[in-house]
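Residue-level structural notes
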Amino acid sequence: MPWLRYSVYVMEIDSQLAEQAMRHGLNRFPEFADFGPRLVCRQLYQGAAYMLEYRQQPPGEMSDAWDFQNAVVKTYKSLAGIR
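This section reports on the structure supplied with the text. (Residues numbered from 1 in each chain as written. Predicted model: local features only at pLDDT ≥ 70, side-chain atom pairs only at ≥ 80, totals over all residues. Heavy atoms only, no water.)

Focus on the packing of aromatic side chains
As a reminder of what qualifies: Any two rings among Phe, Tyr and Trp, with Trp reduced to its six-membered ring, count as a pair given centres within 6.5 Å; such a pair is stacked if its planes are under 30 degrees apart, edge-to-face if over 60, and tilted if neither. Think of it this way: any DSSP run of H or I at least four residues long counts as a helix, any run of E at least two long counts as a strand, and we number them from the N terminus. Throughout this description, buried means an accessible area under 20% of the type-specific maximum (1.4 Å probe, protein chains only), exposed means over 50%, and partly exposed covers the range between.
For the structure on display, the rule yields four aromatic pairs. With a centroid separation of 6.5 Å and an interplanar angle of 40 degrees, the aromatic rings of Phe 32 and Tyr 54 are classed as tilted. A residue pair is termed long-range when its members are at least 10 positions apart, and Phe 32 in the loop between α1 (15–28) and β1 (37–43) and Tyr 54 in strand β2 (residues 48–54) qualify at 22 residues. Judged by centre distance (5.6 Å) and plane angle (45 degrees), the ring pair of Tyr 50 and Tyr 76 falls under tilted. Separated by 26 residues along the polypeptide, Tyr 50 in strand β2 and Tyr 76 in helix α2 (residues 65–80) bring together distant segments of the chain. For the pair Tyr 50 and Tyr 76, one class covers both residues: buried. Taken together, the ring pairs in this structure connect Phe 29, Phe 32, Tyr 54 and Phe 68 into an aromatic cluster.

A word on the pairing of β2
Short version of the rule: In this analysis, strands are considered paired if DSSP registers two or more bridges between them.
Relative to β2, β1 is paired through seven bridges, and the arrangement is antiparallel. Bridge assignment links Cys 41 to a residue of β2, and that residue is Tyr 50. Hairpin connection of β1 to β2: four residues between the antiparallel strands, including Gly 47 at a positive phi of 95 degrees.

So, the pattern of salt bridges
This is how it is decided: Should a side-chain nitrogen of Lys or Arg be within 4 Å of a carboxyl oxygen of Asp or Glu, the pair is scored as a salt bridge.
A complete count under the given rule lists three salt bridges for this structure. The residue Glu 53 makes a salt bridge to Arg 38 at a minimum N-O spacing of 2.8 Å. Residue Glu 53 is located in strand β2, and its partner Arg 38 is located in strand β1; the two are separated by 15 residues in the primary sequence. Given the relative accessible area of 49%, Arg 38 is considered partly exposed. Between Glu 53 and Arg 42 there is a salt bridge, with its nearest N and O atoms 1.9 Å apart.

Encoded structure:
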């Protein structure tokens, strides 16, 4: 059925690049280090999304969580050559 065609992305995260990206993010936002962040890639219906998971969820009042995640994800994608 041609109308059901979609791309499936199998994304492997390069652990060395992820570590570099995390160091970059934690240099800018060191307050997140104690929460055990790690970069993950979740498959979506179409494509995939990079995001951070935490060993322990940071408190909601830490308003820089979005900026921290963006710093890590953008750095990783840049290092990995992903658009």
